[in-house]
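Residues per chain are reported as follows:
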Amino acid sequence: MSKTAHIIGAGISGLSAAVRLANAGFKVAVHEATQQAGGRCRSYFDGATNLVIDNGNHLLLSGNRHALAYARSIGTEAGLVGPARAQFPFVDLKTGQRWQLDLGDSRLPGWVFDESRRVPDTGLTDYLKLAPLIWASEETLVGKSIPCEGVLYQRLVQPLLLAALNVDPPEGSAGLAGAIVRETLLAGGQACRPLIARDGLSAVLIEPAVKFLTERGHSVQLGHELRSFTTTDGKVSALNFGGEDVVAIAPDDVIVMAVPPRAAASLLPGVKTPTQFRAIVNAHFRFEPPPGSAPILGVIGGVVEWLFAFPNRLSVTISNGDRLVEMPREELAQTIWNDVCMAGGVAGELPPWQIVRERRATFAATPEQNALRPGPVTALKNLFLAGDWTATGLPATIEGSVRSGDRAADLVLAAQRT
Ligand SMILES: Cc1cc2nc3c(=O)[nH]c(=O)nc-3n(C[C@H](O)[C@H](O)[C@H](O)COP(=O)(O)OP(=O)(O)OC[C@H]3O[C@@H](n4cnc5c(N)ncnc54)[C@H](O)[C@@H]3O)c2cc1C
């Protein structure tokens, strides 16, 4: 283990690169600026609800190959749990109508041919109109590619693309939306089973990776922010963590920078990065879900978009949430709780709650912002980029993050072989 891989940033992208490189024989040193690993995918104790909560409810799908392989490699795939079949219950708060989308368990999207399994009041031709997304370019707008109106749009396409792109779907990149459709709806139910880290994001996706690394003699340093680096002959030759804390980089050492866009732009002047971001709002209520509650319920016609039922807790996700960022917290909590009562079939005064507003949750997945995503290779021979905002071909998701980490690690390994 003579070569060291320095991983800057202990989010999912950095940790996935770290685990892959550790498995390939590198000595790995992870440097994380904050006091907690996980970045935008983490859990913490919340005093208001007296519960451990996640910064945001994160949904994975069974077709997220890289994310599941990452979980398998750190021994926690079983911690991602969900129903046996790809079924998604929905409720429309305006009409009270409830239905279930049943994508089945096949490798083919046969469900679109079965009226009882598809969205109510939709026909096969509605689904065929989504076909242009499958081959759309990343520069095309969703709104120019498919009809953004009608029953199928309101009941399925809008909620799916809003959650995946974190922008109002018509302004989103059709190419990125197409990647989602290809890897989910088109890949049949076997790729669409919803999976949730029921015991918390940190317990399932973060702490086991840190343990995996440290138990094998690698290091994960928290509170260790990279401030700048020195270059010599087109390579990084030293990492500066402030003051006397300078780490020399040996000729065969490599660096994977897996920090968010702003940090990357300040560390690596000249690197292209997305410049616009969108908020995601999560609300957590200390409330025991009624028996039989769906683990995840799609909600349309209200403020709430997805309702998650955890032990002791009902939690809500609202994407593209910039409009809610300045709303007084109590008012927002009450508004969301009113929707939760209707959607979840519960009643009562506002229980202990917490609102988490991640203002810069993801880059805005529009064609313009997508064009600003750099690849993993930099002008410096031993420095590679990872992160959900790099050019992964996917919107900012856990799957995209792990793919970016895997890709950076694979490039490191390929460079070693040449
Ligand atoms: C509220 C919310 C809900 C979400 N829901 C979903 C979902 O349902 N499904 C899904 O797939 N995805 C979801 N996502 C997206 C997913 O969380 C992100 O794509 C993923 O966590 C990004 O990981 P990352 O490692 O690329 O970046 P980050 O998590 O941002 O990690 C970067 C790390 O680098 C560290 N860092 C920064 N600067 C430095 C420095 N100079 N030196 C050292 N370290 C540094 C940061 O502290 C951070 O820990 C959601 C995101 C949010 C915020």
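Residues numbered from 1 in each chain as written. Predicted model: local features only at pLDDT ≥ 70, side-chain atom pairs only at ≥ 80, totals over all residues. Heavy atoms only, no water.

> Before we move on, can you summarise the pairing of strand E18 (residues 313-318) with the specific residues and values?
Burial within E18 is extensive, with six of its six residues counted as buried. Side chains Arg313, Ser315 and Thr317 of E18 all project onto a buried face; the interleaved residues Leu314, Val316 and Ile318 project onto the opposite face, where all are buried too. The pairing of strand E15 (residues 277-286) with E18 spans six bridges and is classified as antiparallel. Note on E18: the bridge partner recorded for histidine 284 is serine 315. Bridge count for strand E17 (residues 306-310) against E18 is five bridges, and the pairing is antiparallel. Note that in E18 the partner of leucine 307 across the bridge is valine 316. Counting the residues between successive antiparallel strands, the hairpin from E17 to E18 contains two residues, one of them, asparagine 312, with a positive phi of roughly 70°. (Buried < 20%, exposed > 50% of the residue type's maximum accessible area, 1.4 Å probe, protein only. Helix = DSSP H or I, 4+ residues; strand = E, 2+ residues; numbered from the N terminus. Pairing = 2+ DSSP bridges.)

> So, empty space enclosed by the protein: which residues are in play, and what are the values?
Applying the stated criterion across every chain, the model contains one cavity of 30 Å³ or more. Roughly 40 Å³ of internal volume is contained in the largest cavity. Lining the largest cavity are Leu130, Leu133, Val157, Leu160, Val181 and Leu185. The residue makeup of the lining of the largest cavity, split by class, is six nonpolar, no polar and no charged. (1 Å grid on protein atoms, 1.4 Å probe; cavity = no way out; pocket = protein on both sides within 12 Å on 5 of 7 lines; lining within 4 Å. Points joined across faces, edges and corners; volume = space filled by probe spheres on them. Nonpolar A, V, L, I, M, F, W, Y, C, P; charged D, E, K, R; others polar.)

> With reference to specific residues and values, describe the layout of surface pockets.
Considering only enclosed or pocket space, the second largest pocket measures out at about 320 Å³ in volume. Along its surface, the second largest pocket is lined by 20 residues, and Gln158, Leu162, Gly301, Gly302 and Glu305 are the ones closest to its centre. If you list the elements that add at least two residues to the lining of the second largest pocket, you get helix H6 (151-165) and strand E16 (296-300). Ranked by residues supplied to the lining of the second largest pocket, first place goes to H6 with five residues. Classifying every residue of the lining of the second largest pocket by side-chain character gives nine nonpolar, seven polar and four charged.

> Please set out helix H1 (residues 12-23) residue by residue, giving values where relevant.
Across its twelve residues, H1 extends 16 Å between first and last C-alpha, which sits within 8% of the 16 Å expected from 1.5 Å per residue. Burial of H1 is extensive: ten of the twelve residues sit out of reach of the surface. Among all positions of H1, only Ile12, Ser13, Gly14, Leu15, Ser16, Ala17, Ala18, Val19, Leu21 and Ala22 are buried. Residues of H1 that are buried in the fold lie against strand E1 (4-8), strand E2 (27-31), helix H2 (65-73), helix H8 (201-215), strand E14 (254-257) and helix H12 (398-417). Following H1 by one or two positions, glycine 25 has its phi on the positive side, about 105°. (Expected span 1.5 Å × (residues − 1). Contact = heavy atoms within 4.5 Å.)

> How would you sum up the site of the ligand? Please name residues and give values.
As a structural note, the neighbourhood of the ligand is formed by 35 residues, with Ser13, Glu32, His58, Leu59 and Asp388 the closest of them. One of the backbone N or O atoms of leucine 226 is found 3.0 Å from a nitrogen atom in the ligand. Burial of the ligand by the protein amounts to 92% of the accessible area it has alone, namely 1000 Å². Put simply, the parts of the chain that give the shell around the ligand at least two residues each are H1, helix H9 (261-267), E15, strand E19 (353-363) and H12. Among the residues making up the shell around the ligand, the classes are represented as 15 nonpolar, 15 polar and five charged. Counting the residues that make up the shell around the ligand, at least three belong to each of domain 1 (4-41 + 201-274 + 366-417) and domain 2 (43-61 + 74-82 + 194-198 + 276-363). (Near = heavy atom within 4 Å. Polar contact = N/O pair within 3.5 Å; in protein donor to acceptor, adjacent residues only side chain to side chain. Areas by Shrake-Rupley, 256 points an atom, 1.4 Å probe, with all protein chains shown as cover. Domains from an automatic or database assignment.)

> Quick rundown of the environment of phenylalanine 287? Include the residues and the values.
Secondary-structure assignment places phenylalanine 287 in the loop between E15 and E16. Taking the C-alpha atoms as reference points, phenylalanine 287 and aspartate 168, separated by 119 residues in sequence, lie 31 Å from one another. When residues no more than four places from it in sequence are discounted, the contact partners of phenylalanine 287 are Asn312, Arg313, Leu314, Trp337, Val346, Ala347 and Pro351.

> Let's hear about the pattern of salt bridges: which residues, and what values?
Taken as a whole and assessed by the stated rule, the structure comprises 13 salt bridges. Note that arginine 20 and aspartate 406 form a salt bridge whose closest N and O atoms lie 3.6 Å from each other. With arginine 20 in helix H1 and aspartate 406 in helix H12, this pair connects stretches of sequence that are 386 residues apart. Residue classification places arginine 20 among the partly exposed positions, given a relative accessible area of 33%. We classify aspartate 406 as buried; its relative accessible area is 7%. Three or more residues are tied together by salt bridges with common partners; here these are Arg20, Asp406 and Asp410. (Salt bridge = Lys/Arg side-chain N within 4 Å of Asp/Glu carboxyl O.)

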